[in-house]
Every structure is written in structure tokens, then in C-alpha cells.
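Per-entry structural report
Here are the chains, one letter per residue:
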Amino acid sequence: MDKNSLRIAFDAKRITHNATGLGNYGRMIVAMLARFAPENRYDLYSPDPGRADLRERLAGIGQLAFRYPRTPKHGVFKAWWRSFGITRELPPDTALFHGLSGELPTGLRERGIPAVVTIHDVIFLRFPAYYKPVDRWIYTRKFRSACRRADRIIAISEATKRDVMHFFGIPAQKIDVVYQGCDEQFKRPIDEAAIRGVREKYDLPEHYILSVGSIEERKNLQLLVRALKLLPAPRHVVAVGKRTPYTQQVERFAAEQGLGDYLHILEGVPFGDLPALYRAAELFVYPSRYEGFGIPMIEAANCGVPSIGATGSCLEEAGGPGACYVDPDDPQALAERIETILADPELRRRMAEQGRAYAARFEPDVIAAELLAVYRKVLGK
């Protein structure tokens, strides 16, 4: 290794096991760092190899190396290794450890290895009713401990920074806000034939409003269905995301309101189909009550789709001034915004243009530079 290079370790369990969310974040971060700081070496620690297709997304990046326990672990011992075993296996020339998903292993300070932790959200404290008590207890314990032991904390939005300060008593000067980006495929042009192919594949209507995200109570899809009822004429809604018990509640409500034929729920959509689904939509609506950041707002912006988000968390940070925002409990306001935007092609064009311009702040080179600046703070460079 070059004398100016660094060896950086990551908790990579989400990278090897999670196809969306925290997994996408981890893969995006290490790929960005390898691209814009290729002189460094990046070690990805996971309790087991996980999914081959997820590791394949990082194939061919020579600066990355997956690391697994020296002695294979099984069952609960995998969790034990993440919390207590990783530190023992870090090489002596490890310059820094970055916990990508709110956790840090113990013993780093004793080894003289500085630590950075990324906190995505603390929704389990902001909206405790959405979580089981035992999960809230575990998350709170892990996140609070990681925040206290880390040399620096990365919050993925100003909203998350405020929550970390409020719930864990962490001073503002210890926290850096580094936004997330979205996958490069949302920025690439897509020809009309590909869009038609996806539309036919999922039997979609010619005109529709899109919503993307797990269909759970916090994501608040029912607000959009309630707004449909208030429109002069019904509009089709395509909701892409994992089904939960809440999904049945939304479908039942839509059926009771005579809107069953206008609600199209798609589960298990391959990641590669998402850009075309965005580009075929007339409008993107993200009515979530609370998010750590809100990547779908950036995906929509990069696809040139005007957006409406909900107020109350961080969606204004993700969508910027070109999008519209409504109270997550006000279907009338949402209906009025939908009708105004869909009735005005010039307004849609301006919103799309402003959205694309705002999304430039989430480009990989910008995010990588901000991450490296955090690392330099920790290392005193």
C-alpha cells in the first residue's frame, strides 16, 4: 500500500444480505469511495458471504475485499461476531472503522482504531407505535452505544441529526450531515420501447401516479387513496413495494370507495425495472409520515418526474424547492396539488427541470468528497 493510502474497514452485513435500503446505501458508499479515492483499501466485514447476486454488484472493484470470520459462525454467533468478534480480526494497519447501519463493534478504542457510524433514522423512537417493544429496546441500546463510542457520527439528513441530538443527547459538533444518492441507472436515458415493455409487463394504464416504498402504515399510502376520492375524476395509482398487513387495509379502503380498479400494487419488482416505471409516470407522490432521508424523491427527480412529498421529516431536503409538499393528514390538500400539477404540462416541465438541477447535490463525487472529509476529521489529516 502507498504510504498515503488508508485501510478502512466496514460493517458489511447489510451489503451482503439486504437487497434494498441499508444494503443499497452500503454498496453505494463503498463503490463511491473506491472510485474517487482509489488509493485506499476497503475491507468489508460480514458474518457470512450472504447473497452472491448482491456481492456481484461490487464485482470488479479491486480496492474492495470481503472478509468473513476466521472460524465460520452459525445462528446467534453471527450476531455475536458482528458485535464482539470483528474487532479482534481487524489487521493492525486498519486506519478507521465505519459502521454503515447504526452499529459499531466493541473494543475499537482499545485497539486504537477510530470509528465513524452512520445513523439513518431513529423512527423507532419518533414513532414507537410502529415497532415491537423488544425491537425498540434493542435498537435504542445499539444506536445510543454506537453514537457515544464513535469519534464522528454521520447523519443522512438534517432531520436525522436533530433526532440524534434530541434522543441521545449528542452535541451538534460531533455530527456531520452527508446525504445519500441514488443508483446511477436512474440517471441514464431510457428509450420509449423499454418503457412500453415495462408498461406491458405489468399491465399498467397509460396515465398513472407512482408511489414507491414498502406499503406499511408509516409510508401512509392510504392518504393518496383518500385524495383520489376527492379528485374530479379518479386517477390510477401504481404503488411499488413490499406488502404488509397494512396493504390489505389500503386495498379494502380503496374497494369501499369504489377505487379498487384504480389501485395497482406491484410487489417483487426487479430493481432494473424501476427507472422505466418512474419515467412512465405523470407524477410521483411520497406521502410518508417520516423518513430518514427519502431516496425515492431523488430517483424521481433524476427520472424527470415531478413530485409531491409529505411535510414533517426530511423529504424537503431530498426533493428540494422544485417539488410540492403537503401535510400527511390532509387528503384535500394532496388532491388539490395533484389536480393542479396534472392539469398544467408547463408546471410539470418546470418541476422536473428544477428537480434534476437540485439532484446534482447528491452526485457521487460530492458525497464521496464529504465522506472523505469526515474521515480526515477523525484521523486529524
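Above: the structure in question.
Scoring rules and cut-offs
- Residues numbered from 1 in each chain as written.
- Predicted model: local features only at pLDDT ≥ 70, side-chain atom pairs only at ≥ 80, totals over all residues.
- Heavy atoms only, no water.
- Pairing = 2+ DSSP bridges.
- Helix = DSSP H or I, 4+ residues; strand = E, 2+ residues; numbered from the N terminus.
- Axes fitted to C-alpha atoms, helices over the stretch in contact; angles between N-to-C directions.
- Core = buried A, V, L, I, M, F, W, Y, C linked by side-chain atoms within 4.5 Å.
- Buried < 20%, exposed > 50% of the residue type's maximum accessible area, 1.4 Å probe, protein only.
- Contact = heavy atoms within 4.5 Å.
- Disulfide = S-S within 2.5 Å.
- Expected span 1.5 Å × (residues − 1).

1. Overview of the sheet that holds strand 12 (residues 307–310)
Judged by pairing direction, the sheet is parallel, and its six strands sit side by side in the order 10-9-8-11-12-13 without closing on themselves. Two strands lie at the open edges of the sheet, namely strand 10 (263–266) and strand 13 (324–326), each paired on one side alone. When the angles between neighbouring strand axes are averaged without regard to direction, this sheet yields 25 degrees. For strand 12 and strand 13, the ladder comprises three bridges, and the chain directions are parallel. Bridge pairing links Ala310 to Val326 in strand 13.

2. Observations regarding the nonpolar core
In this structure, Phe10, Leu210, Val240, Leu277, Tyr278 and Phe284 are the most contacted members of the largest nonpolar core, which totals 68 residues. Apart from the residues lying within four places of it in its own chain, the contact partners of Leu277 are Val198, Tyr202, Leu204, Tyr208, Leu210, Val240, Leu266 and Val269. Grouped together as the second largest cluster of nonpolar side chains are 31 residues, Ile209, Ile215, Ala227 and Ile341 included.

3. Considerations on the state of the cysteines
Per the counting criterion, the structure on display carries zero disulfides. There is no disulfide at Cys303, and the cysteine sulfur nearest it, in Cys182, is 7.4 Å away. Accessibility expressed as a relative area gives 5% for Cys303, which makes it buried. Free of any disulfide, Cys314 has its nearest cysteine sulfur in Cys182, 15 Å distant. Taking relative accessible area as the criterion, Cys314 reaches 0% and is therefore assigned buried.

4. A short note on helix 7 (residues 133–149)
Compared with an ideal rise of 1.5 Å per residue, which puts 17 residues at 24 Å, helix 7 spans 24 Å between its outermost C-alpha atoms and is within 8% of the ideal. Packed against the buried residues of helix 7 are strand 5 (115–119), helix 6 (123–126), strand 6 (152–155) and helix 8 (158–168).

5. Some details on the sheet that holds strand 1 (residues 7–11)
Taken in spatial order, the seven strands make up an open sheet running 3-2-1-4-5-6-7, and their pairing is parallel. Strands at the two margins of the open sheet, each flanked by one partner only, are strand 3 (64–67) and strand 7 (175–177). Across the sheet, the mean angle separating the axes of adjacent strands is 25 degrees when strand polarity is ignored. As paired strands, strand 5 and strand 6 are joined by four bridges and run parallel to one another. Paired with Val116 across the bridge in strand 6 is Arg152. Packed on one face of the sheet, helix 2 (residues 22–36) meets strand 1, strand 2 (41–45), strand 3 and strand 5 and runs near 160 degrees to strand 2. Sitting on the sheet, helix 8 touches strand 5, strand 6 and strand 7, and the angle it makes with strand 7 is about 165 degrees.

It is worth stressing that arrangement in space is one thing and function is another; only the former is reported here.
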